[in-house]
Amino acid sequence: MSSVFNGDETAPFFGFLGAAAALVFSCMGAAYGTAKSGVGVASMGVMRPELVMKSIVPVVMAGVLGIYGLIIAVIISTGINPKAKSYYLFDGYAHLSSGLACGLAGLSAGMAIGIVGDAGVRANAQQPKLFVGMILILIFAEALALYGLIVGIILSSRAGQSRAD
């Protein structure tokens, strides 16, 4: 055997679980937000087809949530290489918590964007003055996922600091 495994042998399981959680939960939020607000856009498009492109904003904002999960999943997966550097349970737990923070924040934001986007575009079709309010609510919902991304990056950066190698 040319290279020896360094660290705890079960630790990478938690790290990879964190990477998967970040991507899966974020994409679930993105899919729900896209589908729910897309239904609102389709329904609104029957009444006011000229507003369809203006009402696509919630769909785009929901799609960005999946990118947040992808970023964290890539950061985590590149940090797992136990043959090159010791990987301990602390590191695995740091990556797991990083993935869960980003993923669950993305799921929550996707649900909020979907519900607000669906109701917002339908209401905007009836009262155009509601557009700015809808956009502000969508921005605050998107910010929730951004908080999860930031915390996920901070937690992921903690991996590797458990012991002085």
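No experiment lies behind these values; they were computed from the predicted model shown.

Here is what the cut-offs are and how they apply
- Residues numbered from 1 in each chain as written.
- Predicted model: local features only at pLDDT ≥ 70, side-chain atom pairs only at ≥ 80, totals over all residues.
- Heavy atoms only, no water.
- Helix = DSSP H or I, 4+ residues; strand = E, 2+ residues; numbered from the N terminus.
- Rg over C-alpha atoms; globule rule 2.2 N^0.38 Å.
- Buried < 20%, exposed > 50% of the residue type's maximum accessible area, 1.4 Å probe, protein only.
- Contact = heavy atoms within 4.5 Å.
- Areas by Shrake-Rupley, 256 points an atom, 1.4 Å probe, with all protein chains shown as cover.
- Axes fitted to C-alpha atoms, helices over the stretch in contact; angles between N-to-C directions.
- Parallel < 35°, antiparallel > 145°, perpendicular 65-115°, else oblique.
- Nonpolar A, V, L, I, M, F, W, Y, C, P; charged D, E, K, R; others polar.
- UniProt positions renumbered as here; feature names shortened; annotations may be inferred.
- Salt bridge = Lys/Arg side-chain N within 4 Å of Asp/Glu carboxyl O.
- Expected span 1.5 Å × (residues − 1).
- Patch = residues over 30% accessible without salt bridge, like charges linked within 9 Å, V, L, I, M, F, W, Y side chains within 5 Å.

### Re the overall build of the chain
Counting its regular elements, the chain contains four helices and zero strands. In the chain, the order of α-helices and β-strands from amino to carboxyl end is α-α-α-α. Its C-alpha atoms give the chain a radius of gyration of 20 Å, more than 25% over the compact-globule value 15 Å for 165 residues. The principal-axis extent of the C-alpha atoms belonging to the chain is close to 70 × 25 × 15 Å. Every one of the 165 residues in the chain was classed for burial, and the buried ones make up 41%. Across the chain, the fraction of contacts at a sequence separation of at least 24, relative to all contacts at a separation of at least 6, is 87%. Surface accessibility of the chain: about 8400 Å² in total, with carbon and sulfur atoms responsible for 73%.

### Notes on the packing of helix 2 (residues 57-78) against helix 3 (residues 89-126)
Axis separation between helix 2 and helix 3 bottoms out at 9 Å; the angle between their running directions is 175°. Looking at the two axes, helix 2 sits roughly antiparallel to helix 3. From helix 2, Pro58, Met61, Ala62, Leu65, Tyr68, Gly69, Ile72 and Ile76 reach across to helix 3, where they touch His95, Ser98, Gly99, Cys102, Gly106, Ala109, Gly110, Ile113, Gly117 and Val121. Residues belonging to the contact of helix 2 with helix 3 are distributed by class as follows: eleven nonpolar, seven polar and no charged.

### Thoughts on the UniProt feature "transmembrane region" (unreviewed entry) in the chain
The residues that UniProt annotates with the feature "transmembrane region" (unreviewed entry) are residues 12-35, 56-76, 96-118 and 130-155. Annotated as 95% helix and 0% strand, the span residues 56-76 places its first and last C-alpha atoms 32 Å apart. Helix and strand shares over residues 130-155 are 96% and 0% respectively, and the end C-alpha atoms of the span are 38 Å apart.

### A word on the pattern of salt bridges
Enumeration according to the criterion identifies three salt bridges in this entry. Note that Lys36 is salt-bridged to Asp118, the shortest N-O span being 3.4 Å. With Lys36 in helix 1 (residues 11-47) and Asp118 in helix 3, the pair connects residues that are 82 residues apart, well separated along the chain. Here Arg48 and Glu50 are joined by a salt bridge, their closest N and O atoms 2.7 Å apart. Assessed through its relative accessible area of 26%, Arg48 is described here as partly exposed. Assessed through its relative accessible area of 55%, Glu50 is described here as exposed.

### A closer look at helix 2
The terminal C-alpha atoms of helix 2, which comprises 22 residues, lie 33 Å apart, in line with the 32 Å expected from a rise of 1.5 Å per residue. Buried residues belonging to helix 2 abut helix 1, helix 3 and helix 4 (131-158).

### A look at a nonpolar patch on the surface
Residues Leu144, Leu146, Tyr147, Ile150 and Ile154 make up a contiguous nonpolar surface patch of about 480 Å² in total accessible area. With respect to the helices and strands, Ile154 occurs in helix 4.

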